[in-house]
Amino acid sequence: YFHLTNLDFYRSNVVANWVQNWIGDCYLCRNFDDQAAVTVPALVLAPERMWAMEAHNFSLGVFHNCEMDNKKAGGFIQLWRKGHKESNITIDFPEARANCEIKAGS
């Protein structure tokens with residue numbers, strides 16, 4: 001659910017070539033799991049550098065997929081509203097839509 005990443009490792013030729021062979025020419029497709037793309041190269045090429053944060057007493061308060069530090073926490077909006085009663089939170093962000101157009105190959 002959370003990882004610290006050495007970008008030099010993931011930008012290396014061996015990892016980039018593996019990812020290209022695995023995914024191919026499929027810009028922004030959702031068929032491939034980003035967790036596998038981060039885990040498999042490290043597992044195969046640098047297993048000594050992988051470890052579970054919980055096993056080393058790290059508790060960072062990371063919220064991901066309705067879990068807080070890998071434990072069920074409910075939905076983000078409900079969690080936010082507990083601490084922000086007057087908030088008018090929305091999941092829509094029209095300002096980004098106008099400024100963050102996704103273009104293949106850019």
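Look above for the structure.
Here we look at the overall build of the protein
Link 1 in the chain: Along the backbone of the protein there are five helices and three strands.
Link 2 in the chain: Going from the N terminus to the C terminus, the protein shows its helices and strands as α-α-α-β-β-β-α-α.
Link 3 in the chain: When contacts within the protein are restricted to residue pairs at least 6 apart in sequence, long-range pairs at least 24 apart make up 39% of them.
Link 4 in the chain: For the protein, the accessible surface area stands at approximately 9000 Å², while carbon and sulfur atoms represent 54% of it.

Describing the environment of Lys72
Link 1 in the chain: Tracing the backbone through its elements, the reader meets Lys72 in strand β3 (residues 71–72).
Link 2 in the chain: When its relative accessible area of 68% is taken as the criterion, Lys72 is described as exposed.
Link 3 in the chain: In this structure Lys72 touches Cys66 and Glu67, once residues within four positions along its chain are discounted.

What about the sheet that holds strand β2 (residues 67–68)?
Link 1 in the chain: The strand order across the open sheet formed by three strands is β1-β2-β3, and the pairing between neighbours is antiparallel. The open sheet has two edge strands, β1 (63–64) and β3, and neither has a second partner.
Link 2 in the chain: As judged from the two bridges shared by β1 and β2, these two strands associate in the antiparallel manner. By the bridge assignment, His64 is partnered in β2 with Glu67.

Reading the values: the criteria
- Residues numbered from 1 in each chain as written.
- Predicted model: local features only at pLDDT ≥ 70, side-chain atom pairs only at ≥ 80, totals over all residues.
- Heavy atoms only, no water.
- Helix = DSSP H or I, 4+ residues; strand = E, 2+ residues; numbered from the N terminus.
- Contact = heavy atoms within 4.5 Å.
- Areas by Shrake-Rupley, 256 points an atom, 1.4 Å probe, with all protein chains shown as cover.
- Buried < 20%, exposed > 50% of the residue type's maximum accessible area, 1.4 Å probe, protein only.
- Pairing = 2+ DSSP bridges.

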